[in-house]
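Take a look at the letters that make up each chain.
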Amino acid sequence: MKKFLWLFLIVAFSAILYSEVKTVSEFGGLNTDDNPLFLKSQTPDSEDVETDNGTGLDPRSGYIIFSTEPSRNLFSFYVSNGDKYFITQSSGVLKATTGESAFTVFIATVNPDVITYVTGLGDKLFFCNTIDGLKYWDLSTVQTVGTFKPKYIVTHKSRLWMAGVAGDERTIYVSEFQDGTDFNLAVNPVDTDPARVSVQGALDDILTGLYATFDDKLIWFKQRSFGSIQGTRRSNFQTREYSDSV
């Protein structure tokens, strides 16, 4: 009888202990590691947080409306006083904001039928296209740089580099050091003077793009080849072709 009593007590006590164990449902946060096709179940709970970053719960990245104005291109421009301008091309107008309001700073009008390229050098914002030519904004006024109408401009090694000038589509024009307004070749040049770099190839194999900077080099692209320009001074600029079949 005592054996049955002890067995009954053990079974009853085990049942009481087991009944206190509650099933915790699996958390349904956002899983960014696994493909949903391989997950057995998904729940919509707490989709505004991420749970698989190893540090607990983190907020999920999302989107907010910065401006309702349509934008064709977006650019960033930093100046020496620490200000940062966020620039948009809205239809045929370049506008800027410091991020505290809408795009209220008018820069200039540009032709909406061609692509406008933008880059900063020092405290000047340079922009160009094949119709309006090369210009710069000095935070107050807009000035035209010569008669050039390049298709591409980039900043590299504290110089302005441009290509796609009509009639000279295989030449990269290099500005004076720290001065993107001077492209005039000197009679007795020094290392800080402007330069011209010709990228050879077939007559119809023109430059189709510039990229700065990769591995401390300016990368150029043509229709059937690409390469780079190396060097830090006018006297040691050298062009190198990486492939003539890509």
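Residues numbered from 1 in each chain as written. Predicted model: local features only at pLDDT ≥ 70, side-chain atom pairs only at ≥ 80, totals over all residues. Heavy atoms only, no water.

A. Spotlight on unusual backbone geometry. With omega at 0°, the peptide bond leading from Ala 212 into Thr 213 counts as cis. As for its placement among the helices and strands, Thr 213 is situated in strand E15 (residues 207-214). In this model, Leu 139 sits at a positive phi of 80°, which is unusual for a non-glycine residue. You can see Leu 139 is positioned in the loop between strand E9 (133-137) and strand E10 (142-144). Of the residues examined, Leu 139 reaches a relative accessible area of 32% and is grouped as partly exposed. (Helix = DSSP H or I, 4+ residues; strand = E, 2+ residues; numbered from the N terminus. Buried < 20%, exposed > 50% of the residue type's maximum accessible area, 1.4 Å probe, protein only.)

B. The sheet that holds strand E7 (residues 117-121), seen in detail. Taken together, the four strands give an open sheet; going across it, the order is E7-E8-E9-E10, and neighbouring strands pair in antiparallel fashion. The open sheet has two edge strands, E7 and E10, and neither has a second partner. Looking at each pair of strands side by side, their axes are set apart by 25° on average, direction ignored. With five bridges joining them, E7 and strand E8 (residues 124-129) adopt antiparallel strand pairing. Considered in E8, the bridge of Thr 119 is made with Phe 126. (Pairing = 2+ DSSP bridges. Axes fitted to C-alpha atoms, helices over the stretch in contact; angles between N-to-C directions.)

C. Summary view of the sheet that holds strand E12 (residues 159-163). Taken in spatial order, the four strands of this open sheet run E11-E12-E13-E14, and their pairing is antiparallel. Because the sheet does not close on itself, it has two edges, and the strands there are strand E11 (152-156) and strand E14 (195-198). Neighbouring strand axes in the sheet, compared pairwise and without regard to direction, differ in orientation by 25° on average.

D. Inspection of the packing of aromatic side chains at higher detail. The full count for this structure, using the stated rule, is eleven aromatic pairs. Ring plane angle 50° and centroid distance 6.5 Å describe the contact between Phe 77 and Trp 137, whose orientation is recorded as tilted. On the criterion of sequence distance, the pair formed by Phe 77 in strand E3 (residues 73-78) and Trp 137 in strand E9 is long-range, its members being 60 residues apart. By relative accessible area, Phe 77 is classed as buried at 1%. Looking at Trp 137, the relative accessible area reads 2%, which means it is buried. With centroids separated by 5.6 Å and ring planes inclined at 45°, the aromatic side chains of Phe 126 and Tyr 136 adopt a geometry described as tilted. Residue Phe 126 is found in strand E8, and its partner Tyr 136 is found in strand E9; the two are separated by ten residues along the sequence. Per residue, the accessibility class of Phe 126 equals that of Tyr 136, and both read buried. Clustering of aromatic rings is evident, with ring pairs tying together Phe 77, Tyr 85 and Trp 137. Its end group placed over the ring of Tyr 136, Lys 124 keeps NZ or CZ at 5.4 Å from the ring centre. (Phe/Tyr/Trp six-rings, centres within 6.5 Å; stacked < 30°, edge-to-face > 60°. Lys NZ or Arg CZ within 6 Å of the ring centre and 35° of its normal.)

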